[in-house]
Amino acid sequence: RSLIALILCLTFAGSAFATQDSEHTATPSGQAVPRFVSLKVDVANGRSGPSSQHPIAWRYLRAGLPMEVIAETPDWRRVRDPEGEVTWMHRSILSGRRSVYTLEETTLHARDSDSSPIEAVAEAGVILSLERCRTGWCRVEGQGFRGWVRPHTLWGVYPQELDTGN
């Protein structure tokens, strides 16, 4: 009898934790927050609040610029840009395509090794498409060049992505 009570308690406790966890990650889009996205258009307005009636706080002029979604409503995303500014953007101007922003001069290597040949060097402030990351390296592409870079020079990659091979 006490064994059955213990099993029932563990079952209810487990489902309570599962519910709590799923509520924590539930978002209107069904996607994780935070997450990285990019600007879909060349000119994008960042607003002070989640509606078109809120004033424009920032105007972005670079399609592909990575943004970090830090909160969301059904139609609006609260985003952080590479400089740390936070604004609201309509979901229609954001893309799930991943890109990164170079924080400093960044060397693109032919392979994921510091001793491999250098394919190109990107200046600070360059936007590169992110293909994938694996332990200690990310494969990027931009302006006809493709290579492996060390992620400490990039904005737009989470540390945990380097451990999983995403």
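Residues numbered from 1 in each chain as written. Predicted model: local features only at pLDDT ≥ 70, side-chain atom pairs only at ≥ 80, totals over all residues. Heavy atoms only, no water.

Asker: Explain the overall build of the chain to me, please; I cannot follow it from the model alone.
Answerer: A count of helices and strands for the chain gives 2 helices and 14 strands. Residues classed as buried in the chain amount to 37% of the 166 residues present. A sequence separation of at least 24 residues applies to 54% of the contacts in the chain between residues at least 6 apart. With an accessible surface of roughly 9900 Å², the chain has 53% of that area assigned to carbon and sulfur atoms. (Helix = DSSP H or I, 4+ residues; strand = E, 2+ residues; numbered from the N terminus. Buried < 20%, exposed > 50% of the residue type's maximum accessible area, 1.4 Å probe, protein only. Contact = heavy atoms within 4.5 Å. Areas by Shrake-Rupley, 256 points an atom, 1.4 Å probe, with all protein chains shown as cover.)

Asker: Before we go on, may I ask you to explain the environment of Arg 35 in this structure?
Answerer: Assignment of secondary structure puts Arg 35 in strand E1 (residues 35–39). Exposure remark for Arg 35: the relative accessible area of 12% places this residue in the buried category. Taking C-alpha positions, Arg 35 is 9.5 Å from Val 79, a pair spaced 44 residues apart along the chain. With near-sequence residues (within four places) excluded, Arg 35 lies in contact with Ser 29, Met 67, Glu 68, Val 69, Glu 72, Arg 77 and Tyr 158. Within the structure, the side chain of Arg 35 is placed 3.1 Å from the side chain of Gln 31, a separation counted as a polar contact. (Polar contact = N/O pair within 3.5 Å; in protein donor to acceptor, adjacent residues only side chain to side chain.)

Asker: Could you clarify how one ought to interpret the layout of surface pockets in this entry?
Answerer: Any empty space left between the atoms is revealed when a probe the size of a water molecule rolls over them. For the largest pocket, the calculated volume is near 190 Å³. In terms of lining residues, the largest pocket is bounded by 13 residues, among which Ser 38, Arg 97, Arg 98, Ser 99 and Ser 129 are the most central. When contributions to the lining of the largest pocket are tallied by element, the ones reaching two or more residues are E1 and strand E11 (127–134). It is E11 that provides the largest number of residues to the lining of the largest pocket, a total of 4 residues. Of the residues assigned to the lining of the largest pocket, the class counts are 5 nonpolar, 5 polar and 3 charged. (1 Å grid on protein atoms, 1.4 Å probe; cavity = no way out; pocket = protein on both sides within 12 Å on 5 of 7 lines; lining within 4 Å. Points joined across faces, edges and corners; volume = space filled by probe spheres on them. Nonpolar A, V, L, I, M, F, W, Y, C, P; charged D, E, K, R; others polar.)

Asker: Sorry if this is basic, but what is going on with the pattern of salt bridges here?
Answerer: Side chains carrying opposite charge are able to pair once their charged atoms draw close together. Scanning the model with the defined rule gives 9 salt bridges in all. Salt-bridge contacts for Arg 91 lead to Asp 75; the nearest nitrogen and oxygen are separated by 3.1 Å. With a gap of 16 residues between them, Arg 91 in the loop between strand E6 (86–90) and strand E7 (94–95) and Asp 75 in the loop between strand E4 (66–72) and strand E5 (76–80) connect regions that are remote in the sequence. Given the relative accessible area of 42%, Arg 91 is considered partly exposed. Here Asp 75 falls in the partly exposed class, since its relative accessible area comes to 34%. Of the charged contacts, one joins Asp 112 and Arg 134 as a salt bridge, the two residues approaching to 2.8 Å between their closest N and O atoms. Taken together, the positions of Asp 112 in the loop between strand E9 (106–109) and strand E10 (118–122) and Arg 134 in strand E11 put the pair 22 residues apart, joining distant regions of the chain. Looking at Asp 112, the relative accessible area reads 28%, which means it is partly exposed. Through salt bridges with shared partners, a single ionic network connects Arg 35, Glu 72 and Arg 77. (Salt bridge = Lys/Arg side-chain N within 4 Å of Asp/Glu carboxyl O.)

Asker: Mind showing me how you'd approach the side chain of Arg 139 here?
Answerer: As for its position among the elements, Arg 139 is in strand E12 (residues 137–142). We classify Arg 139 as buried; its relative accessible area is 17%.

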